[in-house]
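Observations on chain architecture
The chain contents come next:
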Amino acid sequence: MIHAALAPLIALLLSAQTQPRPAEPPVDGAAVLAAIDPARAAGTILVARGDRIVFESAIGTVDPAGTVPHRLGQVWRWASVTKQVTATIAMQEVAAGRLDLDAPIRRYLPDSKAPFADRITARMLMQHISGLPHTEDAPGGPEDWSDFYRAPLGSAGTGRKWCEGPTDRAPPAAFHYGDCDFIMMGAVIEATSGKPYAALIRERIVRPLGLRSVELFPRRVPTVVGYENGRRESSRFRIENFGAAGALYGTTRDLLAFDRALMTGRLLPAAARAQMWTGDPKLGFAAFGQWAFETPLKNCGAKPVRIIERRGAIGGVVLRNIILPDLDTVIIMTSNRAEADAAYGEIWQQAGITHDVMRALLCKGGTPA
């Protein structure tokens, strides 16, 4: 029997549960597509509010000179979006008490040959101020690919072995974005967890989220091939050599599932996620494996939008993974044109495809200025 004093409260709660949710503003699909140049950024776009996809479209043709259209559901290389996943697993290790962001990595990698392993920390690795060697400094090969990305995986010319090579940049060094930081971060979380990186991806990300397409290169079935200036990209590189810095692949819907799990606390406690999503103004707002900043949109009022941005680009394939936490929104754009990397632009400069897509989605009036 319900106590009489509780009846009004229960009635209020039941009423609140049955009230319809406020209607979401409709997506102006024509305005979104108008913001995307199919010649420079052919590929796909996905927009989700909460757990619901509110707009999804394929754009242009796979081959710039061909007629086969892009289609939804293609498997894309995630490129450096992999760093965002690696950072998430690292923060799981922090939350579990197995990783100290400010402890020297020699604590976890006692055999490390890195010159400053007793000073480099996980925080420095994930913010690209470790001073480790840069892969572009490796000997060059055909078509601008360094030998680091062409050597057989496991050889001395690539991976952790090369990244632990000589450097005179003592940490904390100046910000310099590079793959070695996250290749070493992969080795650290392997050490703290006691499991290979591939197993961590399967056990922490793929299985809990029910992802069907996500795995690490190499892959027998090709993913979407890239193009640069109308020409098919070089095949003279090994995507598996990007490791924990760039070797994941999957569909955009599986990437959305990762984003939503991150946003809703399925992957990280709120405090750990907040720490990962804190951009440092002195480092161009670099956070851990992603960028976190606020900026207004052009002709869209003065209120800034809080943005978590992760970019990816390998060869002729380019991605933008945009999380808008305060708006419960995700925007994922993929392209197999290398020139899309520049065309997507800088949101904070209020220019480029990414900014214009956001403006078409979030601002009254729709079409980009």
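This paragraph deals with the nonpolar core. Ranked by size, the top nonpolar core spans 80 residues in total, and within it Met 126 and Met 185 carry the most contacts. A per-element tally of this core places helix H7 (residues 179-193) first, with eight residues. Residue contacts for Met 185: discarding those within four places in its chain leaves Thr 86, Ala 90, Leu 99, Ala 122, Leu 125 and Met 126. If you look at the next biggest cluster of nonpolar residues, it comprises 33 residues, including Ile 36, Met 124, Ile 129 and Ile 331.

As a further point, take the pattern of salt bridges. All chains considered together, the criterion is met by 18 salt bridges. Ionic pairing is found between Arg 260 and Asp 51, a salt bridge with its closest N-O pair at 2.9 Å. Here Arg 260, found in helix H9 (residues 252-263), pairs with Asp 51, found in the loop between strand E1 (43-49) and strand E2 (52-59); they are 209 residues apart in sequence, far enough to count as distant. Judged by its relative accessible area of 67%, Asp 51 falls in the exposed class.

Another aspect to go through is H9. In a regular helix each residue adds 1.5 Å, so 12 residues correspond to 16 Å; H9 covers 16 Å between its end C-alpha atoms and thus fits that length. Most of H9 is tucked away, with 10 of its 12 residues classed as buried. Within H9 the residues assigned to the buried category are Thr 252, Asp 254, Leu 255, Leu 256, Phe 258, Asp 259, Arg 260, Ala 261, Leu 262 and Met 263. One or two positions beyond H9, positive phi appears at Gly 265, with a value near 90 degrees.

Taking 1.5 Å as the rise per residue, helix H8 (residues 197-209) with 13 residues should run 18 Å; its terminal C-alpha atoms sit 17 Å apart, in good agreement. Considering bend angle alone, the principal kink of H8 is centred on Glu 203 and spans about 30 degrees. Taken together, the buried positions of H8 are occupied by Tyr 197, Ala 199, Leu 200, Ile 201, Arg 204, Ile 205, Val 206 and Leu 209. Contacts from the buried residues of H8 go to helix H4 (81-95), H7, strand E4 (215-216), strand E7 (248-250) and H9.

Before going further, it helps to examine the state of the cysteines. Formally, a disulfide is one covalent bond, and it connects the sulfur atom of one cysteine to the sulfur atom of another. For the structure on display, the rule yields two disulfides. Each sulfur in the disulfide pair Cys 163 and Cys 180 lies 2.1 Å from the other. Of note, the bridge from Cys 163 to Cys 180 carries an S-S torsion of about -80 degrees and is left-handed in sense. Note that Cys 163 is positioned in helix H6 (residues 159-163) and Cys 180 in helix H7, a separation of 17 residues in sequence. We classify Cys 180 as buried; its relative accessible area is 2%.

With that settled, the discussion passes to the packing of H4 against H7. Describing two packed helices takes the angle between their axes plus the distance from one axis to the other. Two numbers describe how H4 lies on H7: the axes approach to 10 Å, and their chain directions differ by 35 degrees. Judged by the twist between their axes, the crossing of H4 over H7 is left-handed. Only Asp 179, Phe 182, Met 185, Gly 186, Ile 189, Thr 192 and Ser 193 of H7 make contact with H4, whose side of the interface consists of Lys 83, Thr 86, Ala 87, Ile 89, Ala 90 and Glu 93. Broken down by class, the residue content of the contact of H4 with H7 amounts to six nonpolar, four polar and three charged.

For strand E11 (residues 329-335), the tally of buried residues reaches seven of seven residues, placing the bulk of the element in the interior. Residue alternation in E11 divides its side chains into two sets, Thr 329, Ile 331, Met 333 and Ser 335 and Val 330, Ile 332 and Thr 334, and both sets are buried. Taken together, the seven bridges between E1 and E11 define a ladder with antiparallel strand orientation. Along E11, the bridge assignment pairs Ala 48 with Val 330. Note: strand E10 (residues 317-324) against E11, seven bridges, orientation antiparallel.

Counting buried residues in strand E9 (residues 305-314) gives seven out of 10 residues, a clear majority hidden from the surface. Here strand E8 (residues 291-295) runs beside E9; their pairing, made up of five bridges, is antiparallel. In the strand pairing of E9, Glu 294 is matched with Arg 306. As paired strands, E9 and E10 are joined by seven bridges and run antiparallel to one another. Residue pairing in the sheet places Arg 310 in a bridge with Asn 321 of E10.

Basis of the calculations
- Going along each chain's sequence as written, the residues are numbered from 1 onward.
- With pLDDT at 70 or above as the cut-off, local features in this predicted model cover only qualifying residues; side-chain atom pairs require 80 or more to be listed or tallied, and sums for whole chains, interfaces and linings still use all residues.
- Here the side-chain values reflect all heavy atoms present in the structure, with hydrogen atoms and water set aside.
- Here, the term nonpolar core denotes a set of buried Ala, Val, Leu, Ile, Met, Phe, Trp, Tyr and Cys residues that are joined through side-chain atoms within 4.5 Å.
- Only protein chains enter the accessibility calculation, which uses a 1.4 Å probe; a residue whose area is less than 20% of its type maximum is buried, one above 50% is exposed, and one in between is partly exposed.
- Working definition: helices are DSSP H or I runs of at least four residues, strands are E runs of at least two. Numbering for both runs from the N terminus.
- Throughout, a contact is declared for two residues whenever any of their heavy atoms are within 4.5 Å.
- Here, a salt bridge means any Lys or Arg side-chain nitrogen found within 4 Å of an Asp or Glu carboxyl oxygen.
- Each residue after the first adds 1.5 Å to the expected span of a helix.
- Note on bend: at a given residue it equals the angle between the axes fitted to the 7 residues ending there and to the 7 starting there.
- Throughout, a disulfide means two cysteine sulfur atoms within 2.5 Å of one another.
- The axes used here are C-alpha line fits, helices contributing only the stretch in contact, and every angle between their N-to-C directions lies in the interval 0 to 180 degrees.
- Handedness of each helix crossing follows the sense of rotation of the near helix against the far helix: counterclockwise by less than a right angle gives left-handed, clockwise gives right-handed.
- Here the nonpolar group is Ala, Val, Leu, Ile, Met, Phe, Trp, Tyr, Cys and Pro; Asp, Glu, Lys and Arg are the charged ones; every other residue, Gly included, is treated as polar.
- Pairing between strands requires that DSSP locate at least two bridges from one strand to the other.

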